[in-house]
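Coordinates in review
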Amino acid sequence: MLDQLNALKLEIEEAVAATKTVGELDDIEIKYLGRKGRLTSILKGLAEIDEATRPKVGAAANRIKQEAERIIAKGRVALQERSLSDLGEREREDVTEPGLRPPEGHLHLVTQAIREITAIFDRIGFTRTRYPEVDWDRYAFESLNMPADHPARDEWETFFMDAPTSKTNGRMVLTPHTSNAQVRELERGEFPVRMINIAKCYRRQSDATHVPMFHQFEGLYVDRGVSITHLRGVLDYFATSFFGPGRKTRLRPFHFRFTEPSFEIDVSCGVCGGTGLGADKQKCRVCKRGWLELGGAGMVHPNVLKAGNVDSKKYSGFAFGWGVERTYMMKEGMQIDDIRILYKNDVRFLKQF
Ligand code: PHE
């Protein structure tokens, strides 16, 4: 029986030495020392051996059991230590490896355009202003030489606020253009006036080429002796700065109540160079006639100067107002079939800009 016990001890030693995981060690413990384990059952058999040798064999058996327990406990400590020292190897960090960039957004293309336009006008002394985007009828229409019920107002398909009417200022509207800033700026009474007002505009319109909320940038320059020549100079400066060198502007007669004379401003097409002809000698696909329409402009009407308490005998000026979205799309040569995509928050579209 003693031989049997010693052999078992050797077997346990070998088995423990060969284990690689704590799980394996647990299995060994159960196999030999568990309730139905091999060593346990030998110990149970002690009752059957004769009384003379029983104490000696019993003592030896208990000693071997304790040794077996110690061997397993030591094995367990060794395994735990090894797994700790492996940890460093398994989880080693390579500090030279390029990091993972967190997902990073960027500014909306309209915000980018607004910043660029602001910077371009800043260089020639035009200061960006901010005026209400919910304003009185007086600033949106009346002071711009458009009296109540004048049919010219129809063009600015206006949203009216459900708010009390003011005796002096009329109803409140969502600004249908940025021209409400003109008289507000003149009222400040500081000359020269060199304003670039960029703001949201609202009109009751929604189709492939219109959105109910869009942006305009409005320039206003008022001083002594300002003429159309100055307007032309600023237009050309903007066209070459924003669209690129070589781009020209053209003034086409038009009509606005708040400017006299009034113009529509065109910019020469960047694709055909203003010739209106494509490389194949057919009509240019982008502009068809050499020019792209930018928006309105003109010399400030004397009635508008008067509404802003400015003496039209001393001062004169020009104003222009163009859509930010339109102008930006002309720059990119973008031909999108539905302008509403700008405000659909579709990241697949937005992240291209
Ligand atoms: N406010 C005009 C529009 O919305 C544009 C414009 C501004 C025209 C200034 C002339 C002068 O169409």
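Analysis parameters
- Residues numbered from 1 in each chain as written.
- Predicted model: local features only at pLDDT ≥ 70, side-chain atom pairs only at ≥ 80, totals over all residues.
- Heavy atoms only, no water.
- Helix = DSSP H or I, 4+ residues; strand = E, 2+ residues; numbered from the N terminus.
- Contact = heavy atoms within 4.5 Å.
- Areas by Shrake-Rupley, 256 points an atom, 1.4 Å probe, with all protein chains shown as cover.
- Lys, Arg positive; Asp, Glu negative; His and termini not counted.
- Charge placed at Lys NZ, Arg CZ, Asp CG, Glu CD.
- Pairing = 2+ DSSP bridges.
- Phe/Tyr/Trp six-rings, centres within 6.5 Å; stacked < 30°, edge-to-face > 60°.
- Buried < 20%, exposed > 50% of the residue type's maximum accessible area, 1.4 Å probe, protein only.
- Lys NZ or Arg CZ within 6 Å of the ring centre and 35° of its normal.
- Core = buried A, V, L, I, M, F, W, Y, C linked by side-chain atoms within 4.5 Å.
- Axes fitted to C-alpha atoms, helices over the stretch in contact; angles between N-to-C directions.
- Parallel < 35°, antiparallel > 145°, perpendicular 65-115°, else oblique.
- Left-handed = near helix turned anticlockwise from the far one by under 90°.
- Near = heavy atom within 4 Å.
- Polar contact = N/O pair within 3.5 Å; in protein donor to acceptor, adjacent residues only side chain to side chain.
- 1 Å grid on protein atoms, 1.4 Å probe; cavity = no way out; pocket = protein on both sides within 12 Å on 5 of 7 lines; lining within 4 Å.
- Sits in = over half its atoms within 2 Å of the grid points.
- Expected span 1.5 Å × (residues − 1).
- Salt bridge = Lys/Arg side-chain N within 4 Å of Asp/Glu carboxyl O.

**Brief notes about the overall build of the protein**
Secondary structure summary: the protein contains eleven helices and nine strands in total. Seen through its C-alpha atoms, the protein measures out along the principal axes to roughly 135 × 60 × 35 Å. Long-range contacts, defined as pairs at least 24 residues apart, comprise 66% of the intrachain contacts of the protein with a sequence gap of at least 6. For the protein, the accessible surface area stands at approximately 20,600 Å², while carbon and sulfur atoms represent 52% of it. Positive and negative charge centroids in the protein, built from 53 and 50 side chains respectively, lie 4 Å apart.

**Thoughts on the pairing of strand β6 (residues 249-256)**
Two strands pair when backbone bridges link them, and β6 and strand β7 (residues 259-268) are joined in this way by seven bridges, in the antiparallel orientation. Directly across from Pro253, in β7, lies its bridge partner Phe263. Here β6 folds back onto β7, and the loop between the two strands holds two residues.

**Some words on the packing of aromatic side chains**
Using the criterion set out here, one finds 20 aromatic pairs in the structure. Aromatic side chains Phe242 and Phe243 sit 5.2 Å apart centroid to centroid with 90° between the ring planes, which places their arrangement in the edge-to-face category. When its relative accessible area of 2% is taken as the criterion, Phe242 is described as buried. Taken together through their ring pairs, the aromatic side chains of Phe121, Phe126, Phe217, Tyr221, Phe238, Phe242, Phe243, Phe318, Phe320 and Trp322 make up a single cluster. The positively charged end of Arg184 is found above the aromatic ring belonging to Tyr139, 4.1 Å away from the centroid. The ring of Tyr315 has Arg224 sitting right over it, with the charged end atom 5.3 Å from the ring centre.

**Things to note about the nonpolar core**
Inside soluble globular proteins, nonpolar side chains tend to come together where they are buried. Judged by nonpolar contacts, the single largest core of 47 residues is most densely connected at Phe121, Phe217, Phe238, Phe318 and Phe320. Broken down by element, this core gets its largest block of residues, seven residues, from helix α5 (residues 109-122). Those residues within four positions of Phe121 in sequence are excluded, and the remaining contacts are Phe126, Ile196, Phe217, Val234, Phe238 and Phe320. In this structure, Tyr131, Trp156, Val193 and Phe256 belong to the second largest nonpolar core, which totals 23 residues.

**Topic: unusual backbone geometry**
Residues Phe191 and Pro192 are joined by a peptide bond in cis, for which omega reads -5°. Position of Pro192 among the secondary structure elements: in the loop between α7 (180-186) and β4 (193-202). For the bond from Glu260 to Pro261, the omega torsion is -5°, close enough to zero to count as cis. Within the secondary structure, Pro261 is located in strand β7. Within the chain, Lys288 stands out as a residue other than glycine whose phi angle is a positive 70°. Along the polypeptide, Lys288 turns up in the loop between β7 and β8 (291-300).

**Considering the sheet that holds β8**
Spatial ordering of the open sheet is given by β1-β4-β5-β9-β8-β7-β6, a layout of seven strands whose pairing is mixed. A single partner strand is all that each edge strand has here, and the edge strands are β1 (127-129) and β6. Direction aside, the axes of adjacent strands within the sheet are offset by 25° on average. Of the strand pairs in this sheet, β7 and β8 are connected by eight bridges, and their pairing is antiparallel. By the bridge assignment, Ser268 is partnered in β8 with Trp291. The strands touched by helix α8 (residues 228-242) within the sheet are β5 (213-223), β6, β7, β8 and β9 (316-323), with β6 carrying the most contacts at an inclination of about 125°.

**Notes on the packing of α5 against α8**
Across the interface, α5 lies against α8 with an axial gap of 10 Å and an inter-helix angle of 135°. When the axes of α5 and α8 are compared, the pair comes out oblique. Between α5 and α8 lies a crossing of right-handed hand. Within the contact between the two elements, α5 uses Glu116, Ile117, Ile120 and Phe121 and α8 uses Val234, Tyr237, Phe238, Ser241 and Phe242.

**Focus: the site of the ligand**
Contacts to the ligand come from 15 residues, most closely from Trp156, His177, Ser179, Arg203 and Gln216. A distance of 2.9 Å is found between a nitrogen atom of the ligand and a side-chain nitrogen or oxygen belonging to Ser179. Between an oxygen atom of the ligand and a side-chain N or O atom of Arg203, the distance comes to 3.0 Å. Judged by the proximity of its atoms to the pocket grid, the ligand belongs to the largest pocket.

**Digging into helix α4 (residues 54-90)**
Between its terminal C-alpha atoms α4 stretches 52 Å, which fits the 54 Å expected from 37 residues at 1.5 Å a residue. For α4, every residue scored as buried is listed here: Val57, Gly58, Ala60, Ala61, Ile64, Glu67, Ala68, Ile71, Ile72, Gly75 and Leu79. Looking at the buried side of α4, the elements it contacts are α1 (2-18), α2 (22-33) and α3 (38-44).

**A word on the side chain of Gln205**
Checked against the element boundaries, Gln205 lands in the loop between β4 and β5. A distance of 3.2 Å separates the side chain of Gln205 from the backbone oxygen of Val211, its partner in a polar contact. Ignoring anything within four residues of it in the chain, the contact list for Gln205 reads Glu157, His210, Val211, Pro212 and Phe214.

**As for the pattern of salt bridges**
For the structure on display, the rule yields 19 salt bridges. Glu187 is paired through a salt bridge with Arg138; the nearest N and O atoms lie 2.8 Å apart. Remark: Arg138 occurs in helix α6 (residues 137-140) and Glu187 occurs in the loop between α7 and β4; sequence separation between them is 49 residues. By relative accessible area, which is 33% here, Glu187 ends up partly exposed. Taken together, the shared-partner salt bridges connect Arg250, Arg252, Asp266 and Glu293 into one network.

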